[in-house]
Amino acid sequence: MDLTYSLGLVIPELVLTLSGLVLLLVAAWGGNEASKPVSIAACVALGGAFFLTAPAVCAGASGPDTVAFFGQLRIDAWAGLAKLMIYAAAGAALVVAPAYFDRLKAMRPEFAILVLFAALGMSIMVSAADLLALYIGLELNSLAAYVLAAYLRDDDKSAEAGLKYFVLGALASGILLFGMSLLYGFTGTTSFSGINVAIADGLSGGQLFGLIFVLAGMAFKISAVPFHMWTPDVYEGAPTPVTAFFASAPKVAAIALLARLSLEAFGTQATAWQQIVGFAAIASIVVGALGAIGQQNIKRLLAFSSINNVGFILIGLATATLAGASAMMIYLAFYVAMTVGSFVALLMLKDADGNQLETFGDIKGLSTTQPALAWCLLLIMFSLAGIPPLMGFYGKLVIFRAAVEADLIALAAIGIAASVIGAFYYLKFIKVMFFDEPVDAVKGKSDWAHWALLVIATLVISPIAFLGTEWLGGLAEAAAAALATAG
Amino acid sequence: MIHTLAFYLFAVLVIASGAMVVLARNPVHSVLWLILAFFNAAGLMVLVGAEFIAMLLVIVYVGAVAVLFLFVVMMLNIDFAELRAGFIRNAPLGAVIALILLAELVLGVGAYRVGIIELGTPDGSAAPLLGESNIENIGALLYGRYLFLFEMAGIILLVAMIGAIVLTHRESRAHRAHQNIGKQVARRPDDATEMKRPEVGQGVEL
Amino acid sequence: MTEFFQSLGMNYEWAWFVATIAGILLIALPLMLGVAMIIYMDRKVWAAINLRRGPNVVGPFGLLQSFADGLKVFLQETIIPSAANKGLFIIAPILTFTVALLAWAVIPFGPEAVLADINVGLLYIFAVSSLGVYGVVISGWASNSKYPFFSAMRASAQMISYEVSIGFIMVCVVLWAGSFNLNEIVLAQKGHGLGFVNGYFFNILLFPIFVMFFISALAETQRVPFDLTEAESELVAGYQTEYSSMSFALFWLGEYANILLMCALMSILFFGGWLPPVDWEPLYVVPGIVWLLGKIVFFFFMFSWVMATVPRYRYDQLMRLGWKVFLPLSLFFVFAVSGWLMLTRFAA
């Protein structure tokens, strides 16, 4: 396992790192005028990383060949599939950001660079097979995220979001580190496989505490209940393109990491954490569904929606089976499309002066004034609610199937019941957009890039995408099969 | 014997100053106690033969981080009465957390006494030494086995720096007179002064 | 020394203990004497450059002037301001003084003449000298008075800024010597320049570093032209404003002990420490400590010379020099030195 081979495996990460560093120099000398070229170059770098990662995903890379840097990283199909989603989501955030920040005269080239480094941190997270790599990736992602949340530094809400995210994130990191130190102390190793071997004969008290603390720290990062309190405030306060980014890429990364951690490091003691994850899943679904009902601000509503969706994804993890893991990947793929689509649609809600509109009051009767936008938004919301012909339903279906196969029927039943409650607030969109008196507030024009992203997202969740589910299912299955194969 | 004495001295001081960090009413005093705690922790490191880590602890934490802490805390004007009011409201929660952490510590110590903690790989053997001294060992690990993570830790620091600059740096709109040192040094007396010998009553042309 | 005390019939632990105490006293007491004399020398050098006579009344040639001053402050009343934070106000000068003495423990005065021959000697010095800032900061804050407080703010920013480049400069020397142990660093310089000059200053990559180290040492010890912490035209006497009597004297002694330490470090890192200037056999007859002291006095003369001739920097200029000139330059030299060593010493 020499260094050259390892470096060959992490070429996408190296591309991101080097392009981030070079663009930083460009930004330092180019000033604010360089914002646009830097954003485009960052998109290109993400695209490059995407296409460098894709072959390994299609080939379903697994086994000892995927181990890099003495077992600290695993560049397998699981990591690859998650990375593809992360790069796509980060790219989408970069595409919509310039228009948003330009209007506020807050566009600076560092935005794209921070997103690049956040994507780099997330790639390390999803490939992590060692507690050290896990923490380094997580911190790299988090630090960039804190800054992105406060990016509109003159805006009180944005600053509040950044500060809240930072303080609570630091607390979560502390909890995570405490758990990791306990795990290291009581197993004598930081590698996932080593921990798995060490706890195979049963958990000691210290190991159990370590496991719980690590899971709690991770739950904060994916904003699962009961560690979700920060989510609505941060999502509402952060600039909308940043919120779109937060709701998509880091979720994928943290969930993929959580799944690998649970299955590879704690796989032999699945019963110890299944209940915890199951509880977090149900609590997230219920809190997400109930919390969303009273919201007037669409961004806050989408925050609760993301909590709700994380709950469904955690059901897949609670099964502790590879089928559950593959279902999680499928759900995540559609979740990313829905999230990006809904936030792009939200960004397109602008008044005549270009100011962003964020409340239900502004989109009354949108179907008569902006029919195309209204229909796209409607489809995405139906998909989030899990209405049958759309792909959101398919995602929930595979998750529930995995749960039933793993004899977690109660969990699946509660999930289904809660998704009915959840449907209520998604349906509110129809009522407001199609049956209320038009207020004709949405007048601003959007550029082709927004429309393109919205249409792509809508197509991905539309029934047409059923043609691709078999292919996606195959990829997800290969990805899940790659877990726990390094030995 | 000296070893034992030194250990107890350092250990007692670490614990006492750690407690004082929390108990001190004046935040500046808290920071100073924290520095004492760092310092004694470094002493403990020396006792277990990790002198390099000890020195790093003093250089990085005591010499740089804590100075900045102190710098900030000294500048703050903290209203102690208000702080304590909030403290009482949150005290039960804090007490619960403290109890949990205390239980953790007791657990850790208890486990250590019965010998569960093994500082090595799962099979109980310690990590192989790569060099002769601490410094060589740490260097060989950081630049060999953990090279990638070490470099990424550098990127984390870079991101933190970018973040701090992005959030705080403002181009001032007003024109500021920047010092041009080259220009100042290149300036000769002949450029700035002129010798005149005016006739009495004539004055000089300006 | 431990063997000597053991031969007097003590068991090993007692002998070690007594030997260590004796070693500490053997360093600290001559150091205090040295500080007294060096203050006298400082004043004489300024006087000579200013075409004055300097102290010449107490004792022959005024040699006892410092002792008279010491006696004077010793007899004065210690005044503690009523609004001061009393505990910290008293601790601060003691801290400054103690820290200034601590670093001398690892300074080698000869091949064997070193109190603690530890393998992280240079790091130890760096760590201890980074503590020096606390004396200033605490005294400034505890005085509860505005000039000392400003001075404390300035001091903390200044010392942290220059510590960074001093750290990188030390890294360069350590890279070349291959050790953190000061004795080994000294020995590595034997015959370094053209095969007969003992010292790293004769190295084209390390000489610019030496110049940077000299300037950073001025800043680190808050000597002119970087004495902004006690700039009398702006801050009265800076952090010492509220101090009197022995507490003031402790600051004074600590300050000069620190300056001597920096001179000693320059001698050890770049000028071959206790080695003679050139690698010529007869010169080794002279004890190493004489060479080291000679070099220390030479560098102290340079310090005085600078003090007598250079005007004070402005604060922004000081920060600019530290962060925008020295930091990039010293980083570059770390790169250059390690690159050169990779090409030559570790090519295989």
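The model shown is predicted, which means the values in this text are computed figures rather than measured ones.

> Quick question: what am I supposed to make of the overall build of chain A here?
Each helix and strand in chain A was counted, giving 20 helices and two strands. When its C-alpha atoms are laid out on the principal axes, chain A stretches across 65 × 55 × 40 Å. Here chain A holds 487 residues, and 64% of them are scored as buried. Within chain A, contacts between residues separated by at least 24 positions form 82% of all contacts whose residues are at least 6 apart in sequence. Averaging the coordinates of the 22 positive side-chain charges in chain A and doing the same for the 29 negative ones gives two points 7 Å apart.

> I'm lost on the overall build of chain B in this one. Help?
Across its full length, chain B holds eight helices and zero strands. Expressed as a percentage of the 206 residues in chain B, the buried residues total 23%. Contacts spanning at least 24 positions in sequence make up 49% of the contacts within chain B whose residues lie at least 6 apart. Taken as a whole, chain B presents about 14900 Å² of accessible surface, with 68% of it coming from carbon and sulfur.

> In this structure, what is going on with the UniProt feature "transmembrane region" (unreviewed entry) in chain B? I would like to understand it.
All names here are of chain B. Residues annotated in UniProt with the feature "transmembrane region" (unreviewed entry) correspond here to residues 6–24, 31–50, 56–78, 90–112 and 146–167. In residues 6–24, the share of helix is 95% and the share of strand is 0%. The end C-alpha atoms are 26 Å apart. With 85% helix and 0% strand, the stretch residues 31–50 has end C-alpha atoms that lie 25 Å from each other.

> Would you take a moment to explain the interface of chain B and chain C for this structure?
Reports of interface size often rely on the accessible area that becomes lost once the parts have come together. Counting residues at the interface gives 27 residues for chain B, matched by 28 residues for chain C. Both sides together, the interface formed by chain B and chain C hides about 2300 Å², and carbon and sulfur atoms give 79% of it. Among the residues of chain B in contact with chain C, B:Met55, B:Ile59 and B:Met74 are the three that bury the most area, contributing 24% of the side total. Where chain B touches chain C, the interface holds zero salt bridges. Within the residue set of the side of chain B that touches chain C, elements represented by two or more residues are helix H2 (27–47) and helix H3 (51–75) of chain B. In terms of residue count, H3(B) provides more of the side of chain B that touches chain C than any other element does, 15 residues in total. Counted by class, the side of chain B that touches chain C contains 21 nonpolar, five polar and one charged residues.

> Teacher, can you tell me more about the UniProt feature "domain: NADH:quinone oxidoreductase/Mrp antiporter transmembrane" (unreviewed entry) in chain A here?
The sites that UniProt annotates as "domain: NADH:quinone oxidoreductase/Mrp antiporter transmembrane" (unreviewed entry) are residues 128–422 of chain A. End-to-end, the C-alpha atoms of residues 128–422 of chain A are 34 Å apart, and along that stretch the chain is 77% helix and 0% strand.

> How should I be thinking about the pattern of salt bridges in this particular structure?
Any two side chains of opposite charge can pair, given that their charged atoms come close. Residues and elements named next belong to chain A. Going through the model one piece at a time under the given rule, you end up with 17 salt bridges over all chains. Put simply, Glu 236 and Lys 157 hold a salt bridge, and the shortest N to O gap is 2.7 Å. Taken together, the residues Glu 236 in helix H10 (residues 230–237) and Lys 157 in helix H7 (residues 156–187) connect sequence positions 79 residues apart. On the basis of relative accessible area, Glu 236 is assigned to the buried category, the value being 14%. The class for Lys 157 is partly exposed, based on a relative accessible area of 42%.

> Even after reading the chapter, I still don't get H3(B), so can you show me in this structure?
Helical geometry note: an α-helix holds 3.6 residues per turn, so side chains three or four residues apart project in the same direction. Taking 1.5 Å of rise per residue, the 25 residues of H3(B) would be expected to cover 36 Å, and the 34 Å separating its terminal C-alpha atoms lies within 8% of that figure. The largest bend along H3(B) measures about 35° and falls at B:Ala66.

> In this structure, what is going on with unusual backbone geometry? I would like to understand it.
Where the residue is not glycine, phi is negative for most of them; where a peptide bond is considered, it is trans in most cases. Residues and elements named next belong to chain A. In this structure, Pro 226 follows Val 225 across a cis peptide bond, with omega equal to 10°. Along the chain, Pro 226 falls in the loop between helix H9 (205–221) and H10. One non-glycine residue, Lys 105, lies in the positive phi region at around 55°. Within the secondary structure, Lys 105 sits in the loop between helix H4 (77–103) and helix H5 (110–127). With relative accessibility at 76%, the residue Lys 105 sits in the exposed group. Non-glycine residue Ala 320 carries a positive phi angle of around 60°.

> I tried to follow the domain arrangement of chain B on my own but got confused; where do I start?
Along its sequence, chain B is carved into domain 1 (1–80), domain 2 (87–116) and domain 3 (135–169). Taking only C-alpha atoms into account, the centre of domain 1 of chain B sits 24 Å from that of domain 3 of chain B.

> In this structure, what is going on with the packing of helix H8 (residues 207–220) of chain C against helix H11 (residues 288–309) of chain C? I would like to understand it.
A pair of packed helices can be characterised by two numbers: the angle between their axes and the separation between those axes. Residues and elements named next belong to chain C. Between H8 and H11, the shortest axis-to-axis distance is 11 Å and the interhelical angle comes to 65°. Pair H8 / H11 crosses with right-handed handedness. Facing H8, whose interface residues are Phe 210, Phe 214, Ala 217 and Leu 218, H11 presents Phe 299, Met 302, Phe 303 and Val 306. Tallied by class, the residues present in the contact of H8 with H11 amount to eight nonpolar, no polar and no charged.

> Is there a simple way to think about the interface of chain B and chain A in this case?
Opposite the 33 residues of chain B that make contact, chain A presents 41 residues. When the two sides are added together, the surface that chain B and chain A hide from each other amounts to roughly 3100 Å², 78% of it contributed by carbon and sulfur. Joining chain B to chain A, the criterion identifies zero salt bridges. Elements that contribute at least two residues to the side of chain B that touches chain A include exactly helix H4 (80–113), helix H5 (134–145) and helix H6 (147–168) of chain B. Partitioning the side of chain B that touches chain A into residue classes produces 22 nonpolar, seven polar and four charged.

> What should I look at first to understand the nonpolar core in this one?
Ranked by internal contacts, the top residues of the largest apolar core, which has 203 residues, are A:Phe101, A:Phe245, A:Phe246 and A:Leu314. Take this core: its biggest share by element is 19 residues, from helix H14 (residues 322–347) of chain A. Counting 122 residues, the second-largest nonpolar core is a separate cluster that includes C:Val128, C:Ala142, C:Ile185 and C:Leu269.

> How should a nonpolar patch on the surface be read in this particular structure?
Residue and element names in this part refer to chain C. Judged by side-chain polarity, Met 10, Tyr 12, Trp 14, Trp 16, Phe 17, Ile 21, Leu 25 and Leu 29 come together as a nonpolar surface patch covering roughly 820 Å² of accessible area. Its place among the elements puts Phe 17 in helix H2 (residues 12–49). Judged by relative accessible area, Phe 17 falls into the partly exposed class, the value being 40%.

> Would you mind going over H7(A) with me for this structure?
If you check H7(A), its first and last C-alpha atoms are 46 Å apart, about what 32 residues at 1.5 Å a residue would give, namely 46 Å. One or two steps after H7(A), the chain reaches A:Gly188, where phi turns positive at roughly 80°.

> In this structure, what is going on with the packing of aromatic side chains? I would like to understand it.
Each aromatic ring pair is summarised here by two numbers: the centre-to-centre distance and the angle between the ring planes. According to the stated counting rule, one finds 40 aromatic pairs over all chains in the structure shown. Note on B:Phe38 and B:Tyr61: the rings are 5.3 Å apart at their centroids and 45° apart in plane angle, and the pair reads as tilted. Taken together, the residues B:Phe38 in helix H2 and B:Tyr61 in helix H3 connect sequence positions 23 residues apart. Three or more aromatic residues joined by ring pairs make a cluster, and in this case those are C:Phe207, C:Phe210, C:Phe213, C:Phe270, C:Phe271, C:Phe298 and C:Phe299. When the ring centre of A:Tyr151 is taken as reference, the NZ or CZ atom of A:Arg108 above it lies at 5.0 Å.

Conventions adopted
- Residues numbered from 1 in each chain as written.
- Chains lettered and ligands numbered in written order.
- Predicted model: local features only at pLDDT ≥ 70, side-chain atom pairs only at ≥ 80, totals over all residues.
- Heavy atoms only, no water.
- Helix = DSSP H or I, 4+ residues; strand = E, 2+ residues; numbered from the N terminus.
- Buried < 20%, exposed > 50% of the residue type's maximum accessible area, 1.4 Å probe, protein only.
- Contact = heavy atoms within 4.5 Å.
- Lys, Arg positive; Asp, Glu negative; His and termini not counted.
- Charge placed at Lys NZ, Arg CZ, Asp CG, Glu CD.
- Areas by Shrake-Rupley, 256 points an atom, 1.4 Å probe, with all protein chains shown as cover.
- UniProt positions renumbered as here; feature names shortened; annotations may be inferred.
- Buried area = accessible area lost by both parts, 1.4 Å probe.
- Salt bridge = Lys/Arg side-chain N within 4 Å of Asp/Glu carboxyl O.
- Nonpolar A, V, L, I, M, F, W, Y, C, P; charged D, E, K, R; others polar.
- Expected span 1.5 Å × (residues − 1).
- Bend = angle between axes of the 7 residues up to and from the residue.
- Domains from an automatic or database assignment.
- Axes fitted to C-alpha atoms, helices over the stretch in contact; angles between N-to-C directions.
- Left-handed = near helix turned anticlockwise from the far one by under 90°.
- Core = buried A, V, L, I, M, F, W, Y, C linked by side-chain atoms within 4.5 Å.
- Patch = residues over 30% accessible without salt bridge, like charges linked within 9 Å, V, L, I, M, F, W, Y side chains within 5 Å.
- Phe/Tyr/Trp six-rings, centres within 6.5 Å; stacked < 30°, edge-to-face > 60°.
- Lys NZ or Arg CZ within 6 Å of the ring centre and 35° of its normal.

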